[in-house]
Amino acid sequence: MSEQNETPVLDVRGEICPYPMLRTNRELDDVRPGVPELRVWTDHPPALSTIPPEAMKRGYGCEISERRPGEWEIHIFNAETAAAG
Amino acid sequence: MTALPASVRTLDRSTAGGLLALVGLAIVYLIALRTDAAWPVFWISGVAFGAICQRSRFCFVAGFRDLFLMRQGRMLRGIIAGLAVATAGFAMIMATVVPNPGSGVLPSDAHILPLGIATVLGGLLFGFGMVLSGGCVSGSLYRMGEGYIGSWVAIGGVLLGLYAMARTWNWWWDNQISSDRISWLPTDLNYTGAIVITFLLLGAAFVAVSWWERRALRGLPTFTIPISSAAPEASEDGNTLGSLARKVFRTEWTPLIGGIALAAVNILIFIRYRPLGVVGELSRWSTDFAANIGAGVGELKGISDIPGCVPRFVEGTWFSDAFMLNAGIIAGAFTAALLAREFRLRVPRGPRRYVQSLAGGVVMGYGAGLGLGCTLGAFFSAIPSLALNGWVYAIALVVGAYAGTAFIRRFP
């Protein structure tokens, strides 16, 4: 039943602190516990320094890339799986 | 051959818009220069304030809230560092104006304010309101320039809250504020004692924040924020001025640098005029506007005796030095956001966020009127004024922010 090929996307554009971070945490903890990968879309620059530490606390790795001016994607991935595969 | 990706096309538009905005800033500066001696100083200070906040993502709300929400003290440490730098600068300025503080004379423009129930209640309301709306007053001002629609709504709420405050001001003045004491630390402790105490308290706060944070992060490796920009960097053509400009305007500054830079702006504007504060002018906007539509509040008792963030009415014109400061903050953040390619209209998701911004703004506006300032005027400019009211307001802010954090946790 798993959808290995489709990386889930959490779109929090329009949300400001602390909601991008809170919603990402909820996604990782409750909605998709143990998800190997998640892409978070945000247009709130401060979230770039709040989401990664929280994801790292949960053992994930993070990569930030710009989608377009003023909009970013935070790629959250299971660090061990990424290293193995 | 495919079309150019959207990011490349807007990249150019954003930078070009930023350069155009720079020209606009310069034109307003030249007009200000010909109008009034104070205007250009307030304009430049506002622009610098807005640009520094935009680049360092400086946020008083994050400083207080994230301590409880994530046990993160990065922003609060930046605020504390800024307070320390401003304290040193303010002390030098005040010692020049009032060489003998034991005489009971106060430096007239420093933010030494009546201290009482109004200070505590104002700080509590402000702390709660700012967490609810997601930005404090100065923070919402600069985010207006970054394109946050929610911040426009929040400032609307602040204006409403300040109007409600103005309607009740005379009651507060008669029953509380007029009889409140003023406590300036150097009066009893002299400058040396006051500075030593302030530095000790700031140092203790810094250590406490770091300890609190480290306990939460125990066992975790330290890390740097992994930003890898996928956007095509402008070609490195060996133009050192250009690459320096990119470094300054495109990379994020740490809150520590932000706090220290803001303190420098605060010192520079105080040397010639008065410390930073934005609420007095917002209060004037709301009462002036109300008077124009026939809902004036009449005379506000005692405000000419209070320094800092109370409305200052200027006969015959709607523009003033304080107007230049507030407008400069919005314009500075707007320009910096364009140059950093970060400007974007950010529309809140759903009606609930609008209600939150507005309600938080109203609560925060009433608190700012009552507490005689916001996180900027009654805190960031008051502690360096060596005034006890700054510390009391700070503690009330912490408690209010804690309550606000508990509230938004329950209603996400």
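Reading the values: the criteria
Residues numbered from 1 in each chain as written. Chains lettered and ligands numbered in written order. Predicted model: local features only at pLDDT ≥ 70, side-chain atom pairs only at ≥ 80, totals over all residues. Heavy atoms only, no water. 1 Å grid on protein atoms, 1.4 Å probe; cavity = no way out; pocket = protein on both sides within 12 Å on 5 of 7 lines; lining within 4 Å. Points joined across faces, edges and corners; volume = space filled by probe spheres on them. Helix = DSSP H or I, 4+ residues; strand = E, 2+ residues; numbered from the N terminus. Nonpolar A, V, L, I, M, F, W, Y, C, P; charged D, E, K, R; others polar. Contact = heavy atoms within 4.5 Å. Buried area = accessible area lost by both parts, 1.4 Å probe. Salt bridge = Lys/Arg side-chain N within 4 Å of Asp/Glu carboxyl O. Polar contact = N/O pair within 3.5 Å; in protein donor to acceptor, adjacent residues only side chain to side chain. pLDDT = per-residue confidence, 0-100. Axes fitted to C-alpha atoms, helices over the stretch in contact; angles between N-to-C directions. Parallel < 35°, antiparallel > 145°, perpendicular 65-115°, else oblique.

**Focus on the layout of surface pockets**
Residues and elements named next belong to chain B.
Part 1: Roughly 440 Å³ of volume is contained in the second largest pocket.
Part 2: Counting only elements with at least two residues in the lining of the second largest pocket, the list comes to α3 (60-69), α4 (74-97), α8 (185-216) and α15 (388-410).
Part 3: Among the elements that take part in the lining of the second largest pocket, α8 stands out by supplying eight residues, more than any other.
Part 4: Here the residues of the lining of the second largest pocket sort into 21 nonpolar, no polar and no charged.

**What to know about the interface of chain A and chain B**
Interface size, as often reported, equals the accessible area lost upon joining of the parts.
Part 1: Listed per partner, the contact involves 35 residues of chain A and 38 residues of chain B.
Part 2: Note on chain A versus chain B: buried area summed over both sides is about 3100 Å², and carbon and sulfur give 58% of it.
Part 3: Among the residues chain A hides against chain B, the three largest losses belong to A:Y19, A:E66 and A:P69. Together they make up 20% of the total.
Part 4: Counting across the interface, chain A meets chain B through four salt bridges.
Part 5: The salt bridge partner of B:R341 is A:E66, with a shortest N-O separation of 3.4 Å.
Part 6: Counting across the interface, chain A meets chain B through eleven residue pairs in polar contact (both at pLDDT 80 or more).
Part 7: Only α1 (19-31), α2 (51-57), β3 (60-68) and β4 (71-78) of chain A provide two or more residues apiece to the side of chain A that touches chain B.
Part 8: Here the side of chain A that touches chain B takes seven residues from β3(A), the largest share from any one element.
Part 9: For the side of chain A that touches chain B, the class distribution of residues is 17 nonpolar, six polar and twelve charged.

**A short note on the confidence of the model for chain B**
Residues and elements named next belong to chain B.
Part 1: Averaged over chain B, the pLDDT score is 90; the fraction of residues at 70 or greater is 90%.
Part 2: Low confidence marks residues 228-237, where pLDDT is under 50. Its contacts with residues over four positions away, or in another chain, come to 17 contacts.
Part 3: Here the prediction assigns the complex a pTM of 0.90, and the interface score ipTM is 0.86.

**Structural notes on the packing of helix α11 (residues 279-292) of chain B against helix α12 (residues 321-339) of chain B**
All names here are of chain B.
Part 1: Put simply, α11 and α12 touch, their axes get as near as 9 Å, and they point 105 degrees apart. One finds that α11 runs roughly perpendicular with respect to α12. Here E281, L282 and W285 of α11 lie close against α12, whose contacting residues are A322, F323 and N326.

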